[in-house]
Amino acid sequence: MFITIPLEPKQISYLKGNGMLLSGEEVIDSYQAGKGNMNVTLKIKTNKRIFVLKQSRPYVVKFPEVPAPLNRIEIELKFYNEINKDNLLACFSPAVLRFDKNAWLLAIEHLDKGGDYLWLYENKNSLNREVIDLLLTYLKKLHQLPVTDFPINQEMRKLNHQHIFVLPFLPDNGFNLDQIQEGLQDLSTMVKDKPELIEKINLLGERYLKPGDVLIHGDFYPGSWFETEKGLKIIDTEFAFLGDPEFDLAVMLAHLKLSSTAVSELLRIIESYPLKNEILAQYTGVEILRRLFGLAQLPLSLSLEEKKKLATFAINLIMNEKF
C-alpha cells in the first residue's frame with residue numbers, strides 16, 4: 001500500500017491495523033515533510049501527537065524514472081538500531097516508533113521546530129565551527145562502532161555509484177545542464193574530456209563498491225543534517241553500509257566547500273580527524289564534481305566562473321591525491 005497526501009480512509013485503517021496509530025488516535029492532517037529525494041515522507045498530525053512516516057518506492061521519488069531498491073527503508077531502520085546501542089550517537093537520531101515491512105513503511109519521531117542545512121548553499125553561507133565540530137564528533141563515534149553484521153546494501157551502493165562516479169562524467173548522459181544554468185553543459189567538458197581524470201574516478205568508484213569494515217552514513221551532506229530544539233540530528237541513512245570512513249568525511253568536506261567554507265577550515269577539519277589523505281582528497285573532489293555536473297543538483301548561488309574554480313579545485317584533489 002502506497003501512502004498518499006492526504007491519507008485516504010483505507011490508509012488510515014491500515015495504520016490503525018499495523019499499530020502506527022494508537023488506540024483512540026485520529027488523523028487530523030497529513031502533509032509532506034521536507035524535500036527528500038529518495039522516499040515519500042509525511043508528517044502525520046493526530047489528536048494526540050505528530051509523527052513522521054517514511055516509505056520507500058521501487059524508484060527515486062524525485063526522479064521516478066530512476067529505479068531504486070525497496071528495502072532501503074529497512075537499511076535506515078537497521079542503521080538506527082545499530083547506533084542506538086551507543087548513548088552518544090542515539091542523541092543524534094530520531095526515535096524509531098514502528099516499522100511495517102509489508103508496506104516498507106517506517107514511523108519515526110517528529111523533530112520539532114527543525115530544519116535541514118540546505119540553506120548553506122544560498123548566498124554563500126558558512127557553517128559555524130560549533131556545528132562542524134558536532135558533525136565531526138558524530139562521525140568519529142560512528143566510525144568507531146564495533147559493527148560486523150550490517151547489510152552490504154549493494155543495490156543502493158550501485159545506484160549511488162552510477163550517480164557519483166559514472167553518469168556525471170559521460171559525454172552523452174542525458175542531463176541537459178543548460179536547464180540548470182546556461183553554459184553549464186559546455187563547462188562540464190572540462191571533466192568529460194580528461195581521460196586520465198576519468199580513469200582515476202573509475203578506480204575510486206571500484207573501491208567504493210568493495211566491502212569495508214566501518215559503518216558509514218553514506219550520504220553525509222547538509223540535507224541529512226537537521227537542526228532541532230533538541231540539538232543536531234542526523235537523518236536519511238538509507239545509503240549506510242560498511243565502507244571507507246573517508247567517504248563520509250569527504251562528502252562533508254565537499255559540501256562545506258560548495259557552500260564557500262574557507263580551505264583553512266577544511267584543513268582544520270582534516271587535522272582534527274586524520275584519515276587516509278589521498279583517498280579523502282579524491283572522494284572530496286568527485287563529490288564536488290558530481291554535484292556540479294550530475295543529476296543531483298544543489299541550490300547553488302554560484303556563477304559559471306565560480307563553478308569553474310570549484311571544478312578546477314576538485315580536479316586537482318583527484319589528480320594530485322592530496323589537499
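Details of the structure are given in the entry above.
Residues numbered from 1 in each chain as written. Predicted model: local features only at pLDDT ≥ 70, side-chain atom pairs only at ≥ 80, totals over all residues. Heavy atoms only, no water.

Trainee: Can you help me understand the nonpolar core in this one?
Mentor: Most often, soluble globular proteins have nonpolar side chains that are buried together. If you look at the biggest cluster of nonpolar residues, it comprises 80 residues, and the most contacted ones within it are Y138, W225, M252 and L289. Not counting the four nearest positions on each side in its chain, L289 is found in contact with F169, V191, L197, G294, A311, A314, I315 and I318. Grouped together as the second largest cluster of nonpolar side chains are 14 residues, I3, L15, L53 and A103 included. (Core = buried A, V, L, I, M, F, W, Y, C linked by side-chain atoms within 4.5 Å. Buried < 20%, exposed > 50% of the residue type's maximum accessible area, 1.4 Å probe, protein only. Contact = heavy atoms within 4.5 Å.)

Trainee: Looking at this structure, I do not really get the sheet that holds strand β3 (residues 50-55). What am I missing?
Mentor: Strands belonging to one sheet form pairs held by backbone hydrogen bonds; the direction of such a pair is parallel or antiparallel. Strand order in the open sheet formed by five strands is β1-β2-β3-β5-β4, and the pairing between neighbours is antiparallel. Because the sheet does not close on itself, it has two edges, and the strands there are β1 (27-32) and β4 (96-100). For this sheet, the mean angle separating the axes of adjacent strands, direction not counted, is 20°. Two strands pair when backbone bridges link them, and strand β2 (residues 40-46) and β3 are joined in this way by six bridges, in the antiparallel orientation. Along β3, the bridge assignment pairs T41 with K54. Packed on one face of the sheet, helix α2 (residues 72-83) meets β3, β4 and β5 (105-109) and runs near 145° to β4. (Pairing = 2+ DSSP bridges. Helix = DSSP H or I, 4+ residues; strand = E, 2+ residues; numbered from the N terminus. Axes fitted to C-alpha atoms, helices over the stretch in contact; angles between N-to-C directions.)

Trainee: Please explain empty space enclosed by the protein as it appears in this structure.
Mentor: In this approach a probe as big as a water molecule rolls over the atoms, and the regions it shows empty are the leftover space. Under the counting rule described, the total for this entry stands at one cavity of 30 Å³ or more. One number sums up the size of the largest cavity: a volume of about 30 Å³. As for the largest cavity, its lining consists of E109, H110, L111, D112, T228, E229, K230 and K233. Tallied by class, residues from the lining of the largest cavity come to one nonpolar, two polar and five charged. (1 Å grid on protein atoms, 1.4 Å probe; cavity = no way out; pocket = protein on both sides within 12 Å on 5 of 7 lines; lining within 4 Å. Points joined across faces, edges and corners; volume = space filled by probe spheres on them. Nonpolar A, V, L, I, M, F, W, Y, C, P; charged D, E, K, R; others polar.)

Trainee: Please clarify how the sheet that holds strand β8 (residues 225-228) should be interpreted in this entry.
Mentor: Taken in spatial order, the three strands make up an open sheet running β6-β8-β9, and their pairing is antiparallel. Of all the strands in the sheet, the pair left with one neighbour each is β6 (115-116) and β9 (231-234). Pairing between β8 and β9: four bridges, direction antiparallel. Across the sheet, E227 pairs through a bridge with L232, a residue of β9.

Trainee: Please clarify how the packing of aromatic side chains should be interpreted in this entry.
Mentor: To describe a pair of aromatic rings, you give the distance between the ring centres and the angle between the ring planes. Scanning all chains against the criterion turns up eleven aromatic pairs. Considering the side-chain rings of F79 and Y80, the 6.3 Å spacing of their centres and the 75° angle between planes classify their relative orientation as edge-to-face. The pair formed by F79 and Y80 is uniform in burial state, with each residue classed as buried. Note on F92 and Y138: the rings are 5.3 Å apart at their centroids and 65° apart in plane angle, and the pair reads as edge-to-face. In this pair, F92 is assigned in the loop between α3 (87-90) and β4 and Y138 in helix α4 (residues 129-143), connecting sequence segments 46 residues apart. Its relative accessible area of 6% is what places F92 among the buried residues. Three or more aromatic residues joined by ring pairs make a cluster, and in this case those are F92, Y117, W119, Y138, F220 and W225. In this structure, R291 is placed above the aromatic ring of Y221, and the distance from its NZ or CZ to the ring centre is 4.8 Å. (Phe/Tyr/Trp six-rings, centres within 6.5 Å; stacked < 30°, edge-to-face > 60°. Lys NZ or Arg CZ within 6 Å of the ring centre and 35° of its normal.)

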